[in-house]
Amino acid sequence: MNLVDLSWRNMKRNFRLYTIYFISMFVGVVIYFTFSGLMFNKDVVAAIQNKENYKMVISLASVIVFLFIVFFILYANSFFMKQRKKEFGMYLLYGMKERQVAAMVFFETLFLSAISVFSGILIGGLLSKFFGAVLMNLMRYNEDISFAFPLEAIVSTVLLFALLIIIITIQSYFNVRRVQLVELFHAKEKRDKPFTFSFGLALLSIILIAGSYYMITIGDTDIWKDHFKETLAAVTVALIAGTYLFFRQFSGWMLQKLSQRKNYFIGSKILWISSLRFSIRGNTVNFTFNSLISAIVIFTVGFIAVDYAVKGEVVKKEFPNHIAFSTQDDATQRQIEQLMNDSHPIIDHETITGIQTEKIQNRNAFFSHPEYYTEEFYLFPESQLNAIVDLRKAGEKADLEGEEAIVLTRGIDEPEKYKSSQPEMTVLEDNTFRVVEKIRYPLLSIPTSPGGNTQPQPSVLIISNEAFENLREHHTLSSFEIYQIEDPKTSNDVSREIYDLVMKTEGAYYSAYIDMYSVDTESSSLILFSVAFFAVIALFALGSVIYFKQLREATEEREHYAILRKIGVDDKEMKKIIRKQLLFVFLPPLLLGLLHSWFLLYYTVILVIKDLPSLTAIIFSVMGLYVLTYLIFYISSVSIYYKIVSEKNTR
């Protein structure tokens, strides 16, 4: 019998063990090919407006996805190898050489990888339509996505997983080589020793976690403002140390106290509590890692999801003019309106006329960030501001008298009413106005281009109708056309055409809602989509780490459960013991991770963004999906654990 035949027989004989390993590789291929396939999907690429940015983000994300998958599959292989140590010991005892065992593992990995890659590409191609549709929905594009198996994605998947096979073979060879034969025979007989727990360290864990939470709640105080890096480092270290001690000492201390209660020997408590006490030492690092990664994943996805939801509202507020540009000659004006009406009919239109001033050097009294605004101001009468308020059906109308004026700003500047000390602005040589208020209202929004480039926003000063009439006769007027159109979210093509016409005039003003909407929406959608993918991978990896560890422990516990069955413990009680034991393994890391992420999200997002009604629902949805996935892992772990501990007894 050669090594290929032996490898094939091993796979058929240990079908369940190989199935777990196969699923790990299969899921890895599906995730990578699905993500990589989106980069080359012609329908998706055609719909994207900023194609270079899309390919760059997807390429970077694909690399990160692959690194995640490498880590996950190598961990699965490590588990796989540990489960087979006694088998390898037999091969070595019968005279096989280490390189022959490694060759056998190579052939097994090759068989599994070939099946995984073929089936994974098939399923990944089918899923590409679904995930492509999800991405289009996030970007709010109405594009149909077809099933696709891009050749570039297939080649990259095959090559990368061929590299992974080599890495796995090397890992397997060193695993076999560095373990002694005696250790191989007794690999599964090693057990953790009971651990002594300290009440002081258990209390310290609670103090560290509570202290970290308190520091997060006072994020707007001087200690954060003056010593941000130091405070952040201290809070991070305290939270990590507190989490580690919580699982190492506090949970162990709690189990120790439960074992000292009078009812400890009643029912099945002694069985699952004693088992957990023995496994605390070995599970501490896994619990800590899972809890902290869970907090990071939930916080990151929640934060990015909120950012995605906020971006749409921000663009709507900062770019309320669907299309705005400097007034053109009559022929060009008619051509532009015809372009709009052909694809996106005009809903409303207003022409506003202002006076451009000289450069105003000292603008710090009016703008927090004057570098974001033009040095020249445009003076507009209050009547034209009121006309735009009517056109948009948003904002408050102005009522000014004499030399009163209002400065218009964007979102980065806080609105303010000046009562006692009203700043003054002198423009057009000797005309002084008293600024009574500063409001967020972009009459002329930031100049844009279809590629997403921007320029400083025109500085605008609203003055009374009377003051404007006195000035207009002696100064050159500048006119702007403001349009509201149907379905502005799909007006990329018409925006490009109008931009080309308007910018034939040097120094002309042009701004379109779609220019920034497409850039911001595409970028935030890509980030959300990528982060959600990473979260799925991370969650699957974390759940699998716990899952694999429980399978290994279940295999090691077969004899102990056989003894329980012999002394009269029935199947119902056995399942109850397993459920309680695994609940302690899954639940504490999840709860602590949720608690960590909630404090981070509440004090950095929820309290900061108060004008988004769906904010809390978004965050709770992210947490709910996370909990649901963990619940699936828990239920499947309980089921397979019971099957493994019962398997030997049913033969």
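Worth saying up front: this structure is predicted, and the values here are computed from it rather than measured.

A. Focus on the overall build of the chain. From N to C terminus, the chain includes 20 helices and ten strands. Here the chain holds 651 residues, and 51% of them are scored as buried. In the chain, once contacts between residues fewer than 6 apart in sequence are set aside, the share between residues at least 24 apart is 82%. Surface accessibility of the chain: about 31700 Å² in total, with carbon and sulfur atoms responsible for 60%.

B. Here's a closer look at a positive patch on the surface. On the surface, a cluster of positive charge is contributed by Lys-572, Lys-575, Lys-576 and Arg-579. Note on placement: Arg-579 falls in helix α19 (residues 571-606).

C. Seen up close, the packing of helix α6 (residues 98-138) against helix α17 (residues 513-556). Relative orientation of the contacting elements α6 and α17 amounts to 140°, with a least axis distance of 9 Å. When the interaxial angle is binned, α6 and α17 end up oblique. Here α6 and α17 pass one another in a crossing that is right-handed. Between α6 and α17, the contacting residues are Phe-131, Val-134, Leu-135 and Leu-138 on the first element and Thr-521, Ser-525, Leu-526, Leu-528, Phe-529 and Phe-533 on the second. A class-by-class count of the residues in the contact of α6 with α17 yields eight nonpolar, two polar and no charged.

D. Representation of the nonpolar core in the model. Core analysis: the biggest nonpolar cluster contains 102 residues, and Tyr-54, Met-136 and Ile-578 have the highest contact counts within it. Looking at which element gives the most residues to this core, the answer is α17, with 17 residues. Sequence-distant contacts of Met-136, that is, excluding residues within four places in its chain, are made with Val-44, Ala-47, Ile-48, Tyr-141, Glu-143 and Ile-145. In this structure, Ala-398, Val-460, Phe-480 and Tyr-509 belong to the second largest nonpolar core, which totals 22 residues.

E. The confidence of the model for the chain, seen in detail. When pLDDT is averaged along the chain, the result is 80, and 87% of the positions lie at 70 or above. Across the chain, the element-wise mean pLDDT spans from 51 in helix α8 (residues 181-185) up to 94 in strand β1 (residues 323-326).

F. Spatial organisation of the pattern of salt bridges. Scanning all chains against the criterion turns up five salt bridges. Lys-359 is the partner of Glu-375 in a salt bridge, and the nearest nitrogen-oxygen pair spans 3.7 Å. Linking Glu-375 in strand β3 (residues 373-381) with Lys-359 in strand β2 (residues 346-359), this pair joins segments that are 16 residues apart in sequence. Classification of Lys-359 by relative accessible area gives partly exposed; the value is 48%.

G. Region of interest: unusual backbone geometry. For Leu-428, which is not glycine, the phi torsion reads 50° and is therefore positive. Here Leu-428 is to be found in the loop between β6 (424-427) and β7 (431-440). The phi dihedral of Asp-487 is positive, around 50°, even though this residue is not glycine. On the secondary structure map, Asp-487 appears in the loop between β9 (477-485) and α16 (492-502). Assessed through its relative accessible area of 45%, Asp-487 is described here as partly exposed.

H. Highlighting the pairing of β9. Counting buried residues in β9 gives seven out of nine residues, a clear majority hidden from the surface. Direction of pairing for β1 relative to β9: antiparallel, over a ladder of four bridges. Its bridge partner lying in β9, Ser-326 is registered against Phe-480. Two strands pair when backbone bridges link them, and β2 and β9 are joined in this way by nine bridges, in the antiparallel orientation. Across the sheet, residue Gly-354 finds its bridge partner in β9, namely Ser-478.

What counts, and where the lines are drawn
Residues numbered from 1 in each chain as written. Predicted model: local features only at pLDDT ≥ 70, side-chain atom pairs only at ≥ 80, totals over all residues. Heavy atoms only, no water. Helix = DSSP H or I, 4+ residues; strand = E, 2+ residues; numbered from the N terminus. Buried < 20%, exposed > 50% of the residue type's maximum accessible area, 1.4 Å probe, protein only. Contact = heavy atoms within 4.5 Å. Areas by Shrake-Rupley, 256 points an atom, 1.4 Å probe, with all protein chains shown as cover. Patch = residues over 30% accessible without salt bridge, like charges linked within 9 Å, V, L, I, M, F, W, Y side chains within 5 Å. Salt bridge = Lys/Arg side-chain N within 4 Å of Asp/Glu carboxyl O. Lys, Arg positive; Asp, Glu negative; His and termini not counted. Charge placed at Lys NZ, Arg CZ, Asp CG, Glu CD. Axes fitted to C-alpha atoms, helices over the stretch in contact; angles between N-to-C directions. Parallel < 35°, antiparallel > 145°, perpendicular 65-115°, else oblique. Left-handed = near helix turned anticlockwise from the far one by under 90°. Nonpolar A, V, L, I, M, F, W, Y, C, P; charged D, E, K, R; others polar. Core = buried A, V, L, I, M, F, W, Y, C linked by side-chain atoms within 4.5 Å. pLDDT = per-residue confidence, 0-100. Pairing = 2+ DSSP bridges.

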